[in-house]
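An overview of the molecular structure
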Amino acid sequence: MVSSYSLPKLPFDEQQTYINGQWVASTSDKILDVENPDTADIIAKVPESTVEEVDQAVRAAYTAFYDGPWVNEYSGAQRRDAMLALADLIAEHRQQLELIESINTGKPITDVRGELDDTIDLFRHFAGYADKVQGRHISAQAHTTLEGYTTKVPVGVIAFINAFNYPLCLLAWKVAPAMAAGCTIVFKPGPQTPLTTQYFAHLVAQTGLFPPGVFNVILGGVAVGQALVDHDLVDKVGFTGSVATGKHVIRSTASTQNVRATSVELGGKSPGVVMPDVDLEKTARLVVFGTMGNAGMNCNALTRLWVHRSIYDEFLPHLKAAAEAIQLGTPQLDNTEMGPLIDRRQYERVLEYIRVGKEEDKAELLTGGKPALDRGYWIQPTLFSNVNPKARIATEEIFGPVLSVLEPFDSLDEVIEIERKAEFGLAAGIFSRNHQDIAKFTRKMRSGTIWVNTYNLLTSYLPFGGFRNSGFGRELGYESFDGYLATKSIIDDISY
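Residues numbered from 1 in each chain as written. Predicted model: local features only at pLDDT ≥ 70, side-chain atom pairs only at ≥ 80, totals over all residues. Heavy atoms only, no water.

1. Let's talk about the overall build of the protein
Per the secondary structure count, the protein includes 16 helices and 22 strands. Its C-alpha atoms give the protein a radius of gyration of 24 Å, within 12% of the compact-globule value 23 Å for 496 residues. Principal-axis analysis of the C-alpha atoms places the extent of the protein at approximately 75 × 65 × 40 Å. When burial is assessed residue by residue, the protein has 56% of its 496 residues classed as buried. In the protein, 75% of the contacts between residues at least 6 apart in sequence involve partners at least 24 apart. With the model as given, the accessible surface of the protein reaches about 20300 Å², and the carbon-plus-sulfur share is 49%. (Helix = DSSP H or I, 4+ residues; strand = E, 2+ residues; numbered from the N terminus. Rg over C-alpha atoms; globule rule 2.2 N^0.38 Å. Buried < 20%, exposed > 50% of the residue type's maximum accessible area, 1.4 Å probe, protein only. Contact = heavy atoms within 4.5 Å. Areas by Shrake-Rupley, 256 points an atom, 1.4 Å probe, with all protein chains shown as cover.)

2. A short note on a positive patch on the surface
A contiguous patch of positive charge, built from Arg420, Arg443, Lys444, Arg446 and Arg468, is present on the exposed surface. Position of Arg446 relative to the elements: it lies in the loop between helix 15 (435-444) and strand 19 (449-452). (Patch = residues over 30% accessible without salt bridge, like charges linked within 9 Å, V, L, I, M, F, W, Y side chains within 5 Å. Salt bridge = Lys/Arg side-chain N within 4 Å of Asp/Glu carboxyl O. Lys, Arg positive; Asp, Glu negative; His and termini not counted. Charge placed at Lys NZ, Arg CZ, Asp CG, Glu CD.)

3. Brief notes about the packing of aromatic side chains
Evaluation of the coordinates by the stated rule reveals 21 aromatic pairs. Measuring from ring centre to ring centre gives 6.0 Å for Tyr347 and Tyr377, while their planes differ by 55°; the resulting arrangement is tilted. Taken together, the residues span a long stretch of sequence, with Tyr347 in helix 12 (residues 344-359) and Tyr377 in the loop between strand 14 (364-367) and strand 15 (382-387) at a distance of 30 residues. Both residues of the pair, Tyr347 and Tyr377, count as buried. (Phe/Tyr/Trp six-rings, centres within 6.5 Å; stacked < 30°, edge-to-face > 60°.)

4. Some details on the packing of helix 3 (residues 76-92) against helix 7 (residues 195-207)
Here helix 3 crosses helix 7 at 125°, and the two axes come no closer than 9 Å. By the angle class used here, helix 3 and helix 7 are oblique. The element helix 3 and its partner helix 7 pack so that their crossing is right-handed. Of helix 7, the residues touching helix 3 (which contributes Ala85, Leu86, Leu89 and Ile90) are Phe200, Leu203, Val204, Gln206 and Thr207. Of the residues in the contact of helix 3 with helix 7, the class split is seven nonpolar, two polar and no charged. (Axes fitted to C-alpha atoms, helices over the stretch in contact; angles between N-to-C directions. Parallel < 35°, antiparallel > 145°, perpendicular 65-115°, else oblique. Left-handed = near helix turned anticlockwise from the far one by under 90°. Nonpolar A, V, L, I, M, F, W, Y, C, P; charged D, E, K, R; others polar.)

5. Quick word on the sheet that holds strand 6 (residues 146-154)
If you walk across this open sheet you meet the three strands as 5-6-22, and the pairing is antiparallel. The open sheet is flanked by strand 5 (137-139) and strand 22 (485-493), the only strands paired with a single partner. Shown here is a sheet whose adjacent strand axes are inclined to one another by a mean of 20°, direction ignored. Alignment of strand 5 against strand 6, held across three bridges, turns out to be antiparallel. Across the sheet, residue Ser139 finds its bridge partner in strand 6, namely Glu147. (Pairing = 2+ DSSP bridges.)

6. Quick word on helix 14 (residues 412-419)
Within helix 14, the full set of buried residues consists of Leu412, Val415, Ile416 and Glu419. Down the axis, helix 14 shows its buried residues gathered within 95° of arc, on one side only. Two or three places before Asp413, at the opening of helix 14, Ser411 has a side-chain oxygen 3.2 Å from that residue's backbone nitrogen. (Arc of directions from axis to C-beta. Polar contact = N/O pair within 3.5 Å; in protein donor to acceptor, adjacent residues only side chain to side chain.)

7. Here we look at the pairing of strand 10 (residues 236-240)
The side chains of a regular strand alternate between both faces of the sheet. Within strand 10, five of the five residues are buried, leaving the element largely enclosed by the surrounding structure. Residues of strand 10 alternate between two faces, with Lys236, Gly238 and Thr240 on one and Val237 and Phe239 on the opposite face, all of them buried. In the sheet, strand 10 pairs with strand 11 (residues 261-265) via five bridges, with the strands oriented parallel. Bridge pairing in strand 11 places Lys236 opposite Ala261.

8. Some details on unusual backbone geometry
Phi is positive for Asn386, close to 50°, though the residue is something other than glycine. For Asn386, the position within the fold is in strand 15. Overall, Asn386 belongs to the partly exposed group, its relative accessible area being 29%.

9. Points about the pattern of salt bridges
A complete count under the given rule lists 27 salt bridges for this structure. Residue Glu352 pairs with Arg355 through a salt bridge whose shortest N-O separation is 2.8 Å. Of this pair, Glu352 and Arg355 both sit in helix 12, three residues apart, roughly one helical turn. We classify Arg355 as partly exposed; its relative accessible area is 28%. One salt bridge connects Arg355 with Glu360, and the closest N-O pair in it is separated by 2.8 Å. Counted as one network, the salt bridges with shared partners bring together Glu352, Arg355, Glu359, Glu360, Arg392 and Glu396.

10. What about the nonpolar core?
Note on soluble globular proteins: their nonpolar side chains tend to be buried together. Counting residues in each nonpolar core, the largest one holds 63 residues, and the members touching the most others are Val273, Val274, Leu305, Leu319 and Ile393. With six residues, helix 11 (residues 312-324) is the largest single contributor of residues to this core. For Val274, the contacting residues outside a window of four places in its chain are Thr283, Val287, Leu305, Trp306, Val307, His308, Ile311, Phe315, Phe409 and Phe431. (Core = buried A, V, L, I, M, F, W, Y, C linked by side-chain atoms within 4.5 Å.)

11. What to know about helix 12
Relative to the 22 Å expected for 16 residues at 1.5 Å per residue, helix 12 spans 22 Å between its end C-alpha atoms, a close match to the ideal helical length. For helix 12, the set of buried residues is Gln346, Tyr347, Val350, Tyr353, Ile354, Val356 and Gly357. Those residues of helix 12 that are buried lie in contact with strand 15, helix 13 (392-395) and strand 16 (402-406). (Expected span 1.5 Å × (residues − 1).)

12. Topic: the state of the cysteines
Following the criterion strictly, the structure yields zero disulfides and no others. Looking at Cys169, it has no disulfide partner, and the nearest cysteine sulfur is the one in Cys299, 11 Å off. Note on Cys169: relative accessible area 7%, which makes it buried. Relative accessible area serves as the criterion here: at 11%, Cys299 is assigned to the buried category. (Disulfide = S-S within 2.5 Å.)

13. Digging into the pairing of strand 13 (residues 302-307)
Of all six residues in strand 13, six are buried, a share of seventy percent or more. In the sheet, strand 12 (residues 270-274) pairs with strand 13 via five bridges, with the strands oriented parallel. Along strand 13, the bridge assignment pairs Val273 with Trp306. Read from strand 12 through helix 10 (residues 280-292) to strand 13, the crossover connection turns out right-handed. (Right-handed = clockwise from strand over helix to strand, strands pointing away.)

14. Let's talk about the sheet that holds strand 11
Strand pairs in the sheet, formed through backbone hydrogen bonds, run parallel or antiparallel to each other. Taken in spatial order, the six strands line up as 9-8-7-10-11-21 in an open sheet, and their pairing is mixed. Taken across any chain shown, the strands that pair with only one partner, and hence form the sheet edges, are strand 9 (215-217) and strand 21 (471-472). Against the sheet, helix 1 (residues 51-66) makes contact with strand 7 (157-161), strand 8 (184-188) and strand 9, and its axis sits at roughly 160° relative to strand 8, the strand it touches most. Its contacts with the sheet put helix 8 (residues 222-230) on strand 7, strand 8 and strand 10, and the angle it makes with strand 7 is roughly 160°.

So, in structure tokens, the structure goes:
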């Protein structure tokens, strides 16, 4: 059945950008097509912002930070209340946001509902930090007149460059803690998925509580992101995306006139370990959920699976059955469990890796490996077994619904020794009832998030981030909020 769901009427002109509290007609002559990945139909057209418009947005954020009321007059409680009002508006508009997000990304509507729950929760959660910015009094020793204390202040103008895979949810990961800290923001969504970011800007304006320049949106791809990163009035860059682009962002922030802070959440090739004492059927379902969620376009997806030799042959049929049970179909229907890839480029990239797995890596194709449906960018959930741990499909980030079940292992120690020295360190998982094995794995693995007998579950209050090529800095939790604050030390001679 071909999707018959149409994009709802938008309460803003998608061919405009939101700068300094106003919708601004772009002067760009470059227009970007926005697709529905389910059908490959064009559903909207948006402008690619010009360098001049990037400059306008950054200067608006700069003026709002140094001269506007958001930092200089608003109390933490006022920022808190503005964010709570924004969260309430998101909740009021959630049905429209859910449908737009599902159509623009191809995500199953049931997944998007969960992401809207998370988005609303994130703004309410971080609103609670806004009036709790605290320093320390650091006492000098006795018989001195010096008093010392610290204060926490917002970092300043934050440039965010977002990925396409979780447009609204990742926006909340970034924007909510930065707003709570008192920063001002210029936000660039992924060029494939701009619509809910624009809708969010509409809701920011609708509250009437955010001064002009606090939140600004620019649109486009690499050139626009480069202009944003290079701008000397930006104080910090937050980036989510590929390793190669993330490294370029880091180099760029160090080569401009003013060195600025960066936080980068990059790729992953996350391992999972299945020990011999598990429930085979339940574990297979959890593994497949960890791999195939969001059609595998998930930086922390479980994509390298180690299965103990004693259960290897018995476990594979359960894994195959779980993958083949995934329901593909129109994303806006409640029974759809996995959607398409985001665009043709990603679709062709994943198919090429499947070819590599079969022809170059000589892995055994357990199931899938072909395009699915007769439209859009659909690919079957794909499992390879007996994969060499050094094979390309086992070491390179595919960003699609592909799981490499590695050659059987005998010792957890050998797995840890291999994985703790791997290129990535974003996430990992272990399935076991043995607490000694669990403790060893969680203690020794160099991964920012480690799941035990579950996978891919995140909360607003626990930090998320990685090691090595998976990036640095943390999103979510207090650590994220603290990343948008800078510390000042004050020394006072009270005898003066």
